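Geometric and topological summary
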Amino acid sequence: MTPSLQFGTADPGVLYQLRPAVFGLVVDDGRLACVRVSRDIPYLDLPGGAVDGDESEEQALVREFIEETGMTVRPLDRVAEAGQFFRRSDDAPVNNLAGFWLCEPLSINPESKLESDHELVWLDPLTALAGLRHDAHAWAVATWLRHPSSATIRNTPVPRPLF
């Protein structure tokens, strides 16, 4: 599968593993859930990751949110899709073929979190937009901010850009 929108640049002659992936957009009190990943070079991502085996995107998203943040979510609406060429922490070349979902936060249980190098952080959506590691994630946040269903989630106003 080739996404209609592709971010990043593939290194010439390098074979990139195609990796179905999914990432979530959760807002609470006007702030967007992100994960700060503490590795050799720290970075900021949307919560989510690979779709494993026979999982649906929704199933993978629920699993990834729990593993990375301890948060249980309910996927509501698939708002964007894009590819992202990048190198994983182990330098493996990957092309994430990702769906981006608007999700409702249901609960947080820190004991459920499995990935110790991931920290849940709540950011103003425009701050997140500027700081996310992947261009595909930033594009998905911008698309979400412009999507009609982003007006409210759990009756919480979402800040809108003033331009």
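Structure shown above.
Structure report, in brief.

So, on to the pairing of strand 2 (residues 17-25). Two faces belong to every sheet, and in a regular strand the side chains alternate between them. As paired strands, strand 2 and strand 8 (residues 93-108) are joined by 9 bridges and run parallel to one another. Its bridge partner being in strand 8, A21 is matched across the sheet by A98. Relative to strand 6 (residues 48-50), strand 2 is paired through 3 bridges, and the arrangement is antiparallel. By the bridge assignment for strand 6, A21 is matched with A50.

Right, let's talk about the packing of aromatic side chains for a bit. Following the criterion strictly, the structure yields 3 aromatic pairs and no others. Ring plane angle 65° and centroid distance 5.0 Å describe the contact between Y16 and F85, whose orientation is recorded as edge-to-face. You can see Y16 sitting in the loop between strand 1 (6-7) and strand 2 and its partner F85 sitting in strand 7 (residues 71-87), a full 69 residues away along the chain. Like Y16, the residue F85 is buried in the burial classification. Aromatic side chains F23 and F100 sit 5.8 Å apart centroid to centroid with 25° between the ring planes, which places their arrangement in the stacked category.

What follows deals with the pattern of salt bridges. One pass over the full model with this rule turns up 13 salt bridges. One salt bridge connects E119 with R36, and the closest N-O pair in it is separated by 3.5 Å. With E119 in strand 9 (residues 118-123) and R36 in strand 4 (residues 31-37), this pair connects stretches of sequence that are 83 residues apart. For R36, a relative accessible area of 36% gives the class partly exposed. We note a salt bridge from D45 to R133, for which the minimum N-O separation is 2.8 Å. Of this pair, D45 sits in strand 5 (residues 43-45) while R133 sits in the loop between helix 2 (125-131) and helix 3 (135-146), placing them 88 residues apart in sequence. Take D45: its relative accessible area is 8%, and that puts it in the buried class.

Right, let's get into unusual backbone geometry. With a phi angle near 55°, D29 is a residue other than glycine that sits in the positive phi range. Locating D29 in the fold gives a position in the loop between strand 3 (27-28) and strand 4. According to the relative accessible area criterion, D29 is exposed, its value standing at 57%. Positive phi, close to 75°, is recorded for D91, a residue that is not glycine. Tracing the sequence through the fold places D91 in the loop between strand 7 and strand 8.

Reading the values: the criteria
- Residues numbered from 1 in each chain as written.
- Predicted model: local features only at pLDDT ≥ 70, side-chain atom pairs only at ≥ 80, totals over all residues.
- Heavy atoms only, no water.
- Pairing = 2+ DSSP bridges.
- Helix = DSSP H or I, 4+ residues; strand = E, 2+ residues; numbered from the N terminus.
- Phe/Tyr/Trp six-rings, centres within 6.5 Å; stacked < 30°, edge-to-face > 60°.
- Buried < 20%, exposed > 50% of the residue type's maximum accessible area, 1.4 Å probe, protein only.
- Salt bridge = Lys/Arg side-chain N within 4 Å of Asp/Glu carboxyl O.

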